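A look at the structure
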Amino acid sequence: MWFRRDLRLADNPALVAASESDSVTPLFVVDSKLFANAGGPRQNYLVAALQSLDASMGNGLVLRHGDPVIEVARLAKEIGATSVFATGDCSPIGIQRDRNVELALKQVGVAFRAVATPYAIAPGTVRNGSGNPYKVFTPFRNTWAAHCWPEPSGNASLTWRGAPEVQCDGYPEASSVTSGILDAIRATASEQSAHQRLEEFVNEWADSYVENRNLPAIDGTSRLSAALHFGILHPRQILAKLNRDPGANTVRSELAWREFYADVLWHQPTSAYQCLNPAMEAMECDTDARALSQFQAWCKGETGFPIVDAGMRQLLTTGWMHNRVRMITASFLVKDLHLPWQWGARHFMRHLIDGDTASNSHGWQWVAGSGTDASPYYRVFNPTTQSERFDPAGDYIRAYVPELSELSNSAIHAPTAKGGSAPLGYMYPVVDHDEERRESLRRYGLTKV
């Protein structure tokens, strides 16, 4: 059993299929290149998830380091395996890797069996009446919701044949991260903790999810995105817990967004790093020395816009950012600073525990107006009014921008407005939002909007 984005024992169809054999060797291959590029938060989450998985199978997990194309076939030959089972990978890199692994296994007489996917409905399955993929979310969601997915299954009954009988390379060494990131990892990096969080969310917060999911100062979201990304939870396990209340329907819709973006990437692999709408590749962006300086200010949370700075600092200190604030910070980078959306997407992927290529790239393209189902591309978030609306008391800002903690609820959203001065230790805004909004509209060719 080659584990990848399915680091769990419960409701694992590939593991159930593997359990039909007399014994199963559990394998995880640490791809050195991918691990190095993952960034500290995801590295640490992966190691914690592997440690938890290992413990749940009596410390039998076999870890090998290197190229999976080489290592999977090498281990299969070493132990005399007849088949290698794995959950199907739907990412562009994963699809090509699995093709190469299958060829390598065939050369040593071993079958490769990919079973199910990390999604409730496999990418590429949901299509319109003409048999084409959807380009807009709402009709995709409606068709997706009409599909049936199986109920979660229990644990597979099997006999492990793993470490120490089979040689193990040990856990990879993850980069150091903040204590806040480690706390976030502990919250869901095991099946037990992820299911506990799911139960708490469904029982306590799901009913108020419609209203609370946009308020970054409160614990109003599931915080299960990392567990979903690494397969500690499968989306159908969440779907099975939901009732038909408005909050539950909104949770279902958010899961559908995740599946929609995976479907888009499955059909258009280059959309991970290129505009889905080719015409937007010609969009005028700044990349000079001033742009680089402003990008660094954005990365560090030093733009002089409190809600933007709070979000960027939350990312750096916790490895996570509230979804509403992700949209605000992304809009600021693309439409106030006029920087390429790819710069922001790469920064997010380096620092997010839940960094997922499909969701991240297409979330950024939604803001930039270059992807499917994009918001009106001329919409420019005003960070001050967004802050006043979704963090009215300034509690979220105070949590991550302590320089502003003594300001009043009204002044904290824009300290330098109306002739005000920046508190000691805080900075003046790097740009004038009203001016940059006009400049953004000019670049979009919509100066009269």
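Below you will find a few notes about this structure. Treat the numbers as computed from the prediction; the structure is a model and nothing was measured. (Residues numbered from 1 in each chain as written. Predicted model: local features only at pLDDT ≥ 70, side-chain atom pairs only at ≥ 80, totals over all residues. Heavy atoms only, no water.)

Let's talk about the overall build of the protein
Along the backbone of the protein there are 20 helices and four strands. Expected size for 449 residues packed as a compact globule is a radius of gyration near 22 Å; at 23 Å, the protein falls within 12% of this value. If you line up the protein on its principal axes, its C-alpha atoms span 75 × 50 × 50 Å. Scored against the burial criterion, the 449 residues of the protein give a buried share of 53%. Across the protein, the fraction of contacts at a sequence separation of at least 24, relative to all contacts at a separation of at least 6, is 76%. Surface accessibility of the protein: about 19600 Å² in total, with carbon and sulfur atoms responsible for 50%. Between the mean site of the 42 positive side-chain charges and the mean site of the 48 negative ones, the protein shows a separation of 5 Å. (Helix = DSSP H or I, 4+ residues; strand = E, 2+ residues; numbered from the N terminus. Rg over C-alpha atoms; globule rule 2.2 N^0.38 Å. Buried < 20%, exposed > 50% of the residue type's maximum accessible area, 1.4 Å probe, protein only. Contact = heavy atoms within 4.5 Å. Areas by Shrake-Rupley, 256 points an atom, 1.4 Å probe, with all protein chains shown as cover. Lys, Arg positive; Asp, Glu negative; His and termini not counted. Charge placed at Lys NZ, Arg CZ, Asp CG, Glu CD.)

Considerations on the pairing of strand S3 (residues 83-87)
Burial within S3 is extensive, with four of its five residues counted as buried. The sheet contact formed by S3 and strand S4 (residues 111-115) spans five bridges and is parallel. The residue of S4 that forms the bridge with Thr87 is Val115. Of the crossover connections in this fold, the one passing from S3 over helix H5 (residues 92-107) to the parallel S4 is right-handed. (Pairing = 2+ DSSP bridges. Right-handed = clockwise from strand over helix to strand, strands pointing away.)

Re helix H13 (residues 289-300)
The first and last C-alpha atoms of H13 sit 17 Å apart over 12 residues, in line with the 16 Å expected at 1.5 Å per residue. Within H13, burial applies to Ala291, Gln294, Phe295, Ala297, Trp298 and Cys299. Following H13 by one or two positions, Gly301 has its phi on the positive side, about 75°. (Expected span 1.5 Å × (residues − 1).)

Observations concerning unusual backbone geometry
The peptide bond linking Ala163 to Pro164 adopts the cis configuration, its omega dihedral lying at 0°. Relative to the assigned elements, Pro164 resides in the loop between helix H6 (137-146) and helix H7 (179-188). Phi is positive for Arg223, which is not a glycine, with a value near 55°. Structurally, the position occupied by Arg223 is in the loop between helix H9 (209-212) and helix H10 (225-229). If you check the backbone angles, His338 has positive phi at about 60° while not being a glycine. Relative to the helices and strands, His338 is located in the loop between helix H15 (323-336) and helix H16 (341-351).

Observations regarding the side chain of Asp89
Within the fold, Asp89 resides in the loop between S3 and H5. Under the relative-accessibility criterion, Asp89 is labelled buried at 17%. Within polar-contact distance, the side chain of Asp89 engages the side chain of Arg97 at 3.0 Å. For Asp89, the contacting residues outside a window of four places in its chain are Arg4, Gly94, Ile95, Arg97 and Asp98. (Polar contact = N/O pair within 3.5 Å; in protein donor to acceptor, adjacent residues only side chain to side chain.)

Focus: the environment of Asp54
Relative to the elements of secondary structure, Asp54 occurs in helix H3 (residues 40-56). With a relative accessible area of 7%, Asp54 lands in the buried category. Each C-alpha atom, one on Asp54 and one on Ala104, is 27 Å from the other, the two residues being 50 residues apart in sequence. The contact partners of Asp54, leaving out residues within four places of it in the chain, are Asn59, Gly60, Leu61 and Tyr171. A polar atom in the side chain of Asp54 sits 3.1 Å from the backbone nitrogen of Gly60.

Structural notes on the environment of Ser83
With respect to the helices and strands, the residue Ser83 is situated in strand S3. It is 41 Å that separates the C-alpha atoms of Ser83 and Thr178, two residues lying 95 residues apart in sequence. Excluding anything up to four places from it in sequence, Ser83 contacts Val110 and Ala111.

Some remarks on the packing of aromatic side chains
In this structure the tally under the stated criterion is 18 aromatic pairs. Centre to centre, the rings of Trp298 and Trp364 are 6.0 Å apart; their planes meet at 70°, and the pair counts as edge-to-face. Here the residue Trp298 occupies a position in helix H13, and Trp364 occupies one in helix H17 (residues 357-368), the gap between them amounting to 66 residues. What makes Trp364 buried here is its relative accessible area of 2%. Members of the aromatic cluster, connected to one another through ring pairs, are Tyr134, Phe137, Phe140, Trp257, Phe260 and Tyr261. It is Arg4 that lies over the ring of Trp2; its NZ or CZ is 4.3 Å from the centre. Above the ring of Phe381, the side-chain terminus of Arg379 is found at 4.4 Å from the ring centroid. (Phe/Tyr/Trp six-rings, centres within 6.5 Å; stacked < 30°, edge-to-face > 60°. Lys NZ or Arg CZ within 6 Å of the ring centre and 35° of its normal.)

Notes on H7
All buried positions along H7 are accounted for by Ile181, Ile185 and Thr188. Down the axis of H7, the buried side of the element spans an arc of 80°, and every buried residue falls inside it. Away from its buried face, by an angle of more than 90 degrees, H7 presents the exposed residues Ser179 and Arg186. Buried residues in H7 make contact with H3, helix H8 (191-205), H10 and helix H14 (306-318). (Arc of directions from axis to C-beta.)

A closer look at the packing of helix H12 (residues 246-267) against H17
Where H12 contacts H17, the axes come no closer than 8 Å and their chain directions differ by 95°. Between H12 and H17, the angle falls in the class roughly perpendicular. Touching Trp257, Arg258, Tyr261, Ala262, Val264 and Leu265 of H12 are Thr357, Ala358, Ser359, His362, Gly363 and Trp366, all from H17. Grouping the amino acids of the contact of H12 with H17 by side-chain chemistry returns seven nonpolar, four polar and one charged. (Axes fitted to C-alpha atoms, helices over the stretch in contact; angles between N-to-C directions. Parallel < 35°, antiparallel > 145°, perpendicular 65-115°, else oblique. Nonpolar A, V, L, I, M, F, W, Y, C, P; charged D, E, K, R; others polar.)

A look at the environment of Gln43
Considering the arrangement of structural elements, one finds Gln43 in helix H3. On a C-alpha basis, the gap between Gln43 and Thr287 in space is 30 Å, while along the polypeptide they are 244 residues apart. Beyond its immediate chain neighbours, meaning those up to four positions away, Gln43 contacts Phe35, Ala36, Ala38, Ala174 and Ser175. A polar contact of 2.9 Å, which involves the side chain of Gln43, links it to the backbone nitrogen of Ser175.

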